[in-house]
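Coordinate analysis (summary)
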Amino acid sequence: MSATPFSDEELGRIRADFPILSRLVRADKPLIYLDSGATSHKPRQVLDAERAFYERVNSAVHRGAHQLSEEGTDAYESARATIAAFIGAPADEIVFTRNATEAINLVAYAFSNGSAGGGGGAGDRFRLGPGDEVLVTEMEHHANLIPWQETCRRTGATLRWLPVTPQGQLDLSELDDLLTERTKVFAFTHVSNVLGTVNPVRELAERAHAVGALAVLDACQSVPHLPIDVSDLGVDLLAFSGHKMFGPLGIGVLWGRRALLDQMPVFLTGGSMIETVTMESATYAPVPQKFEAGVPVAAQAVGLAAACEYLTALGMARVHAHEQALTRRLLDGLTERPWIRVVGPPAGPERGGAVSFVVEGVHAHDVGQVLDDAGIAVRVGHHCAWPLHRALEAAATTRASFAAYTTPAEIDALLTALDQVPAVFGVEVSA
Amino acid sequence: MDLYQELILEHYKRPVGAGLRDPFDAEVHHVNPTCGDEVTLRVHVEQGADGPVVTDVSYDATGCSISVASTSILAEEVTGTSVAHARRTIAAMRDMLTSKGESAGDEDLIGDGVALAGVAKYPARVKCALLGWMALTDALHQSEGVQL
């Protein structure tokens, strides 16, 4: 039997776990939070886990021989195992970073460090130079674009990008021309944070491998919203952030195949990541420690592990089904309003729960302001995907995005509030 | 909503002095990186009997109602005044917009700009309202050189 959306009763129980959802905003209006794609709220279980770490075992993990350090290290490494299991990976393939942006930068810098003969790895795979190419897509978040621009600038490699069709999908007809034996990296997003488009990851990874390129996946909008098993995806490296999936701010994850991580040069250097150090040079710890310089983000890891347990208890298939139902409900409502232009593909399995749209004649900031006055929090602007907005010929869009705690009634409230928007700005619409 | 006063919507729908014109002494391009709003703004300054005068402000603005209306008000208030007066107007506008809602604005200096007083209560929108004014500050600097 396929998974079902959460019932009203289940939603009531879920929402009771998130203290912030009961607060009021803008002159005592209930908060209607439709910005989970930017950051999600945190359930008590996550807040409690983080607090318990600080109250009971707080210590600088992987150093010291006292009891707190032992327990802290154990909590940190147990968290790693839990988070790894959540995406079907072995624990030693999980590297903790400060956020997904840092995880992608870690990979991009590994390439430029490798090109400069950087240590900690021994792979020609991480060498770029003139004549080599890095391929990205036009729908990338800036976090999966600018690190590659800079890596290309530093190494002399050339950045190329796969365009987006007017329907908001990758134009795969161009892939043969763009993905060639010159391509060393193909970095792309799993689910677009603007369009909701779900990209064909397996196919793209296979195409990358066919020309000898590494496949790097931005999974920020997929790991929080659908069941993910890294062994099914076929990519080589994958990044996501904790705060978009009920976890704390300040932690992100890079997953990579162990053999590849072994070969990958280091990025941030300093304490924790070494094996031996002299005044002249250093050798580095095994994976994953060689990528975790500085005192580890242990409390955040413990919090993120609690978030993974929370999502697992809900069931990721059900979380996905729930958000799919919300997406369909919103898209159906928006489609009934011809004065609203939705960007991205129609509802369906190829569509994730980020719905961006333009109210004809009204700037997204103004739309957001009217919604905010009704207690509805949405994202407005280019959502850190400026080139994509240029391609869509939209200066800015309004985006609603969901999580397990989002209710159908909140979607209806958004639609009702949108109906007020044209009149506020004197825009006449036909029903 | 009190933020969107009729006066603001009037300026938004019919911006005063919109379009880029010649002659001009300086042209600047400013963006609001959080939302992608952009303004290209030109100033033309001529020497008057009592010092330099802003004889024309012309612009091409893409943005929300607040940023477009604010730039329109700017053109209305500043065009034809002395550079010194323009600078006092910019300062008065900035003071009101960054007052967190404490200041109702000096109508003698900023004219219709007082309709934007409500923006100061919404920190995320202050940048929208300041976009054109920051561009004007920059353009006046460029047009007159370092002695400003």
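1. What about the overall build of chain A?
Helix and strand counts for chain A come out as 15 helices and 17 strands. A compact globule built from 431 residues would reach a C-alpha radius of gyration of about 22 Å, and chain A, at 22 Å, matches this within 12%. Overall, the C-alpha framework of chain A stretches about 70 × 55 × 40 Å when taken along its three principal axes. Looking at chain A as a whole, 57% of its 431 residues are labelled buried. Long-range contacts, defined as pairs at least 24 residues apart, comprise 72% of the intrachain contacts of chain A with a sequence gap of at least 6. When the accessible area of chain A is evaluated, it comes to approximately 16,800 Å², of which 52% is carbon and sulfur surface.

2. A word on the nonpolar core
Grouped together as the largest cluster of nonpolar side chains are 79 residues, with contacts concentrated most on A:I87, A:V235, A:L238 and A:F246. With 12 residues, the single largest contributor to this core is helix α10 (residues 298-314) of chain A. Not counting chain neighbours up to four residues away, the residues in contact with A:V235 comprise A:F188, A:V201, A:A205, A:A215, A:L217, A:W255 and A:R257. B:Y59, B:I110, B:V119 and B:L136 belong to the second largest nonpolar core, which has 73 residues in total.

3. Things to note about the sheet that holds strand β1 (residues 26-32) of chain B
Residue and element names in this part refer to chain B. Spatial strand order, β1-β2-β3: 3 strands in an open sheet with antiparallel pairing. What marks the edges here is a single partner per strand, and that holds for β1 and β3 (51-62). Taken over all neighbouring pairs, the strand axes of this sheet differ in orientation by 25 degrees on average, direction set aside.

4. A look at the confidence of the model for chain B
Taken as a whole, chain B shows an average pLDDT of 91; of its residues, 97% reach a score of 70 or greater. The complex model carries a pTM of 0.93, and its ipTM stands at 0.87.

5. Some remarks on the packing of aromatic side chains
If you walk through the whole model with that rule in mind, you get 12 aromatic pairs over all chains. On the basis of an interplanar angle of 25 degrees and a centroid distance of 4.8 Å, the ring pair of A:Y109 and A:F267 is categorised as stacked. Taken together, the residues span a long stretch of sequence, with A:Y109 in helix α4 (residues 100-115) and A:F267 in the loop between α9 (258-263) and β11 (274-277) at a distance of 158 residues. Between A:F425 and B:Y4, the ring centres sit 4.6 Å apart and the planes meet at 70 degrees, which makes this aromatic pair edge-to-face. Taken as a pair, A:F425 in the segment after α15 (421-424) and B:Y4 in the segment before α1 (6-13) lie in two separate chains rather than in one. The pair formed by A:F425 and B:Y4 is uniform in burial state, with each residue classed as buried. One aromatic cluster is present, formed by A:F18, A:F246, A:Y310 and A:Y405 through successive ring pairs. Note that A:R154 overlies the ring of A:Y109, its terminal NZ or CZ placed 4.0 Å from the centroid.

6. Details of the pattern of salt bridges
Residues and elements named next belong to chain A. Using the criterion set out here, one finds 27 salt bridges over all chains in the structure. The salt bridge partner of R13 is E9, with a shortest N-O separation of 3.3 Å. One end of the pair, R13, and the other, E9, are both in helix α1 (residues 8-16), 4 residues apart, so they sit about a helical turn from each other. A relative accessible area of 51% means that R13 is categorised as exposed. Here R257 ties to D236 by a salt bridge, and the two come within 2.5 Å at their closest N and O atoms. Pair noted here: R257 is in the loop between β10 (252-256) and α9 and D236 is in the loop between α8 (230-233) and β9 (237-241), with a separation of 21 residues, a long-range link. What makes D236 buried here is its relative accessible area of 2%. Connected through salt bridges with shared partners, the residues E77, R80 and E292 form a single ionic network.

7. Re the interface of chain A and chain B
Tallying the contact residues gives 18 residues for chain A and 22 residues for chain B. Both faces combined, the contact of chain A with chain B buries some 1,500 Å², and carbon together with sulfur accounts for 57% of it. At the boundary of chain A with chain B, the tally comes to 1 salt bridge. For B:R125, the salt bridge goes to A:D366, with nearest N and O atoms at 3.0 Å. Counting across the chain A and chain B interface gives 7 residue pairs in polar contact (both at pLDDT 80 or more). Broken down by class, the residue content of the side of chain A that touches chain B amounts to 7 nonpolar, 7 polar and 4 charged.

8. Thoughts on the state of the cysteines
A complete count under the given rule lists 0 disulfides over all chains for this structure. B:C64 takes part in no disulfide bond, and the closest cysteine sulfur to it belongs to B:C128, at a distance of 3.9 Å.

9. Digging into the side chain of A:E102
All names here are of chain A. When you line up the elements, E102 lands in helix α4. Judged by relative accessible area, E102 falls into the buried class, the value being 15%. When sequence neighbours within four positions are dropped, the list of residues in contact with E102 reads T97, F267 and L268.

10. Here we look at empty space enclosed by the protein
All names here are of chain A. Going through the model one piece at a time under the given rule, you end up with 3 cavities of 30 Å³ or more. In this structure, the largest cavity spans a volume of roughly 110 Å³. Forming the boundary of the largest cavity are 13 residues, of which Q221, H225, E323, G352 and G353 lie nearest the centre. Take the lining of the largest cavity: its biggest share by element is 3 residues, from helix α11 (residues 316-335).

11. Regarding the sheet that holds strand β7 (residues 183-189) of chain A
All names here are of chain A. Taken in spatial order, the 7 strands make up an open sheet running β4-β10-β9-β8-β7-β5-β6, and their pairing is mixed. Two strands lie at the open edges of the sheet, namely β4 (94-97) and β6 (158-162), each paired on one side alone. Strand-to-strand, the axes of this sheet are offset by a mean angle of 20 degrees, without reference to chain direction. Across 3 bridges, the pairing between strand β8 (residues 214-218) and β9 is parallel. Paired with D218 across the bridge in β9 is A239. Packing of helix α5 (residues 146-155) onto the sheet brings it into contact with β5 (133-137), β6, β7 and β8, and relative to β6 it is tilted by some 150 degrees.

Conventions and cut-offs
Residues numbered from 1 in each chain as written. Chains lettered and ligands numbered in written order. Predicted model: local features only at pLDDT ≥ 70, side-chain atom pairs only at ≥ 80, totals over all residues. Heavy atoms only, no water. Helix = DSSP H or I, 4+ residues; strand = E, 2+ residues; numbered from the N terminus. Rg over C-alpha atoms; globule rule 2.2 N^0.38 Å. Buried < 20%, exposed > 50% of the residue type's maximum accessible area, 1.4 Å probe, protein only. Contact = heavy atoms within 4.5 Å. Areas by Shrake-Rupley, 256 points an atom, 1.4 Å probe, with all protein chains shown as cover. Core = buried A, V, L, I, M, F, W, Y, C linked by side-chain atoms within 4.5 Å. Pairing = 2+ DSSP bridges. Axes fitted to C-alpha atoms, helices over the stretch in contact; angles between N-to-C directions. pLDDT = per-residue confidence, 0-100. Phe/Tyr/Trp six-rings, centres within 6.5 Å; stacked < 30°, edge-to-face > 60°. Lys NZ or Arg CZ within 6 Å of the ring centre and 35° of its normal. Salt bridge = Lys/Arg side-chain N within 4 Å of Asp/Glu carboxyl O. Buried area = accessible area lost by both parts, 1.4 Å probe. Polar contact = N/O pair within 3.5 Å; in protein donor to acceptor, adjacent residues only side chain to side chain. Nonpolar A, V, L, I, M, F, W, Y, C, P; charged D, E, K, R; others polar. Disulfide = S-S within 2.5 Å. 1 Å grid on protein atoms, 1.4 Å probe; cavity = no way out; pocket = protein on both sides within 12 Å on 5 of 7 lines; lining within 4 Å. Points joined across faces, edges and corners; volume = space filled by probe spheres on them.

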